[in-house]
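# Structure assessment
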Amino acid sequence: MTVLAGRLAKYAKRSGIKPKVMVAKLGQDGHARGAKVIASAIGDIGFDVLFGLLFQTPQKAAETAIETRLPFVLCGRVEVATEIGDGLFKLAVPVSL
């Protein structure tokens, strides 16, 4: 973790901005504790974290990522990541899963 935090600090110094990431909590259940823990940990090592709205759809997460110019979106399940990727693809954004 120390190595990653150091690299993120160097990136922020070189670019003038902290790297950004969105943690997407999708679906109908309101259980966001795990996503909040992940968001907190990622923030602690140097990321600027946007915690997505609860109950949003994968398409809405993709739209939020584009609107806020976020290069990374984290979510908890592969099938959801694929759906977000599909949403980004439909909006003509390069995607890496």
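Treat the numbers as computed from the prediction; the structure is a model and nothing was measured. (Residues numbered from 1 in each chain as written. Predicted model: local features only at pLDDT ≥ 70, side-chain atom pairs only at ≥ 80, totals over all residues. Heavy atoms only, no water.)

## Focus: the overall build of the chain
This is how it is decided: Counting from the N terminus, the helices are DSSP H or I runs at least four residues long and the strands are E runs at least two residues long. Burial here depends on accessible area, computed with a 1.4 Å probe over protein chains only, as a share of the maximum for the residue type. Under 20% is buried, over 50% is exposed, and the range in between is partly exposed. Method for areas: the Shrake-Rupley scheme with a 1.4 Å probe, in which residue coverage is limited to the protein chains shown.
Each helix and strand counted, the chain has four helices and three strands in total. Of the regular secondary structure in the chain, the N- to C-terminal order runs α-β-α-β-α-β-α. Taking all 97 residues of the chain together, the buried fraction comes to 30%. As displayed, the chain offers around 6,600 Å² of accessible surface, 60% of which is attributable to carbon and sulfur atoms.

## Points about the pairing of strand E1 (residues 20-23)
Inclusion rule: Criterion used throughout: strands pair if DSSP finds at least two bridges between them.
Examined bridge by bridge, E1 and strand E2 (residues 48-51) share four bridges and lie parallel to one another. Directly across from Lys20, in E2, lies its bridge partner Asp48. Relative to strand E3 (residues 73-74), E1 runs parallel, the two being bridged by two bridges. Paired with Val23 across the two strands is Leu74, which belongs to E3.

## Let's talk about the packing of helix H3 (residues 58-67) against helix H4 (residues 78-90)
Note the threshold: To get an axis, fit a line to the C-alpha atoms, keeping to the stretch in contact for a helix; angles then go from 0 to 180 degrees between the N-to-C directions. Roughly parallel here means an angle under 35 degrees, roughly antiparallel means over 145, roughly perpendicular means 65 to 115, and every remaining angle is called oblique. Crossings are assigned a handedness: left-handed for a near helix turned anticlockwise from the far helix by less than a right angle, right-handed for a clockwise turn. Any two residues whose heavy atoms approach within 4.5 Å are treated as being in contact.
Interaxial distance between H3 and H4 falls to 8 Å at its minimum, and their mutual angle equals 55 degrees. Classified by the angle between their axes, H3 and H4 sit oblique to one another. For the crossing formed where H3 meets H4, the hand is right-handed. Residues Pro58, Gln59, Ala61, Ala62 and Ile66 of H3 lie in contact with H4, whose contacting residues are Glu83, Ile84, Gly87 and Leu88.

## Description of the nonpolar core
As a reminder, the rule being used: Here, nonpolar core means buried Ala, Val, Leu, Ile, Met, Phe, Trp, Tyr and Cys residues that are tied together by side-chain atoms lying within 4.5 Å of each other.
Counting nine residues, the largest nonpolar core is built from Met22, Ala24, Leu26, Ala61, Ala62, Leu70, Val80, Ile84 and Leu88. Listing elements by their share of this core, those giving two or more residues are H3 and H4. Element by element, the count of residues in this core is highest for H4, at three residues. Those residues in contact with Met22 that lie beyond four places of it in its chain are Leu50, Gly52, Gln56, Ala61, Thr64, Ala65, Leu70, Phe72, Val73 and Leu74. With five residues, the next largest nonpolar core counts Leu8, Val21, Ile42 and Phe47 among its residues.

## Some thoughts on the sheet that holds E3
Pairing in this open sheet of three strands is parallel, and the strands run E2-E1-E3 from one edge to the other. A strand with exactly one partner marks an edge of an open sheet, and here the two such strands are E2 and E3.

## Things to note about helix H1 (residues 2-15)
The periodicity of an α-helix, 3.6 residues per turn, causes residues three or four positions apart to be oriented the same way. Applicable threshold: Between the first and last residue of a helix there are one fewer steps than residues, each counted as 1.5 Å, and that sum is the expected span.
Compared with the 20 Å implied by 1.5 Å per residue over 14 residues, the 20 Å span of H1 between its first and last C-alpha is a close match. Among the residues trailing H1, Gly16 stands out with phi positive, at a value near 85 degrees.

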